[in-house]
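Residues per chain, in single letters:
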Amino acid sequence: MSEQLYQRFAQLFNARELDGLGEVMTEDFVDHHPGLVDVAGLSIYQGNLGAVIEALQMVAHPEEVVSAGDRVFTRIRLTGRHVGPFLGVAPTGNALEWYTHELWRVEDGRFAERWAVDDLVTLFRQIDVPLPTWVQDSAPVS
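Residues numbered from 1 in each chain as written. Predicted model: local features only at pLDDT ≥ 70, side-chain atom pairs only at ≥ 80, totals over all residues. Heavy atoms only, no water.

An unreviewed UniProt entry lists the protein chain under the name Putative ester cyclase, with Sphaerisporangium krabiense as the source organism.

Quick look at the structure:
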């Protein structure tokens, strides 16, 4: 059942139907994203997600969705194009592709919490963010 819950989330995400996220997420949903601030509340999450989707024209391609008890683990390939400001970086028009790995907690049939770890080094390379020398000198890991 939890796999279907995630598939519905991805469907809403890709259709840009963020107003429908209450169908799959609790009102007090909390998003944990290392390196960024935690987001508490579905309405704030919807606003943030909408801005990122708009700036990066993101599309989610679920590759792994595995549930265990009240948890769902996902490995998602994200694609898009950098068409709007993102984390202070002006649009480059560059095509994008990177991965995110997520752990979701389900409560009463909806997502209540998420911990996401994105491959930001790959994303930042693609939007021309200067990286430390030790990162620039290494080959991308696929």
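Now, onward.
**Q** Hey, could you go over the environment of G80 for me, with residue numbers and the actual values?
**A** Topologically, G80 is positioned in strand β4 (residues 71-81). Residues G80 and E113 lie 33 residues apart in sequence; the distance between their C-alpha atoms is 25 Å. Not counting residues within four places of it along the chain, the set of residues in contact with G80 comprises L56, Q57, M58, N94, A95 and L96. (Helix = DSSP H or I, 4+ residues; strand = E, 2+ residues; numbered from the N terminus. Contact = heavy atoms within 4.5 Å.)

**Q** How would you explain the pairing of β4 if you had to name every residue and give the values?
**A** Sheet topology places strand β3 (residues 59-68) next to β4; nine bridges connect them, and they run antiparallel. Paired with A60 across the bridge in β4 is L78. The antiparallel pairing of β3 with β4 creates a hairpin that spans two residues between the two strands, and G69 there sits at a positive phi of about 60°. Of the pairings in the sheet, the one linking β4 to strand β5 (residues 95-107) comprises eleven bridges and is antiparallel in character. By the bridge assignment for β5, F73 is matched with L103. (Pairing = 2+ DSSP bridges.)

**Q** I'd like a rundown of the pattern of salt bridges, residues and numbers included.
**A** Using the criterion set out here, one finds ten salt bridges in the structure. Residues D70 and R71 are paired through a salt bridge, measuring 3.7 Å at the closest nitrogen-oxygen approach. Judged by relative accessible area, D70 falls into the partly exposed class, the value being 37%. When its relative accessible area of 31% is taken as the criterion, R71 is described as partly exposed. Linked by salt bridges that have partners in common, E63, E64, R75, R77 and E97 make up one network. (Salt bridge = Lys/Arg side-chain N within 4 Å of Asp/Glu carboxyl O. Buried < 20%, exposed > 50% of the residue type's maximum accessible area, 1.4 Å probe, protein only.)

**Q** For unusual backbone geometry, give the residues involved together with the corresponding values.
**A** One non-glycine residue, R16, lies in positive phi territory at about 65°. Note on placement: R16 falls in the loop between α1 (2-15) and β1 (25-32). For R16, a relative accessible area of 37% translates into the label partly exposed. Residue D108 is not a glycine yet carries a positive backbone phi of 50°. Here D108 is to be found in the loop between β5 and β6 (110-118).

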